[in-house]
Amino acid sequence: MTHQAADGDAPAAHALVSAQRDRSDPWTRAAGHYVAAYGPFGDGDFPAAEQGFRTAVETFRALGERWGAALALDALAGLAGARGAATEAAALIDEALGLAEELGALEDCADLLVNRGDLRMPADPGAARTDYDRAAEYARRAGSERALAAARRGLADIALQDGDTATAHRLYTRALERLDPHWVKGIGNRVRTLVGLARIAQTDGDPSGAEARFREAAGSAALPGHELPDSLRLLGLPEGMRAEVVRRAGAGRRPGG
């Protein structure tokens, strides 16, 4: 089974680590609960996923394991944000960020700050800008182009909201060059970037260009076995953006199909 997981067999890897939930070692159990929770998460069973992540947080906390707790708190924040509980999500991110900063985990800090900035948009762009700017600083210190691209995407969102389409286009384009299309958070940021570029095309009077970007966003959101609306929801995208992509790219179409 270890060999299968090393060969990139994701289901085998998930099953292998999930099976550790019953081990006597508490750290191993906590890691097992954390990984296992992504099973129901992928199936759309958010209550079961939340229970798994909460169990992981509690076990990691009891051990004083800050990095594991931060990872599980980030996952819980994503679930809270998906159900519209922005205040709860922000509090969870704050706790995770505190742990990541204690550890000096700069790239994780950048990711968490981008997540918090996204929660603050579009209602509080000033606070969001502070988060994105701090995320960019952490990303540069960590030497992470991926994390820097996510921060630039956030700053592009603010520029677009302010009507500065030239700056937004420049930042979105730079972000798109560095976002990892094979990493879950990278996929979400890629979809947000493509939607931003589509909105700029609309503003510039280029409807065909906008449609092409919306279709590209739908294709980027592809998660195996899920219809387009479910894929967008599992990626943690805002409800309005999900509806816009579905409407413009084809409601109910299976991504990649």
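Conventions used here
- Residues numbered from 1 in each chain as written.
- Predicted model: local features only at pLDDT ≥ 70, side-chain atom pairs only at ≥ 80, totals over all residues.
- Heavy atoms only, no water.
- Helix = DSSP H or I, 4+ residues; strand = E, 2+ residues; numbered from the N terminus.
- Phe/Tyr/Trp six-rings, centres within 6.5 Å; stacked < 30°, edge-to-face > 60°.
- Buried < 20%, exposed > 50% of the residue type's maximum accessible area, 1.4 Å probe, protein only.
- Salt bridge = Lys/Arg side-chain N within 4 Å of Asp/Glu carboxyl O.

*Asks:* Tell me about unusual backbone geometry, residues and numbers included.
*Replies:* Cis rather than trans, the peptide bond between Met121 and Pro122 has omega equal to 0°. By the secondary structure assignment, Pro122 is in the loop between α8 (106–120) and α9 (125–142).

*Asks:* An account of the packing of aromatic side chains is needed here, citing residue identities and associated values.
*Replies:* The description of two aromatic rings rests on the distance between their centres and on the angle between their planes. Per the counting criterion, the structure on display carries 6 aromatic pairs. Ring centres of Trp27 and Phe60 lie 6.3 Å apart, and the angle between their planes is 70°; this geometry places the pair in the edge-to-face category. Here Phe60 lies in helix α5 (residues 46–63) and Trp27 lies in helix α3 (residues 26–36), a separation of 33 residues in the sequence. A relative accessible area of 43% means that Trp27 is categorised as partly exposed.

*Asks:* Tell me what's going on with the pattern of salt bridges, and back it up with residues and numbers.
*Replies:* As enumerated under the stated definition, the model contains 22 salt bridges in all. One salt bridge connects Asp118 with Arg153, and the closest N-O pair in it is separated by 2.9 Å. Of the two residues, Asp118 sits in helix α8 while Arg153 sits in helix α10 (residues 145–161), which places them 35 residues apart along the sequence. Residue Asp118 is classed as buried on the basis of its relative accessible area of 16%. A relative accessible area of 0% means that Arg153 is categorised as buried.

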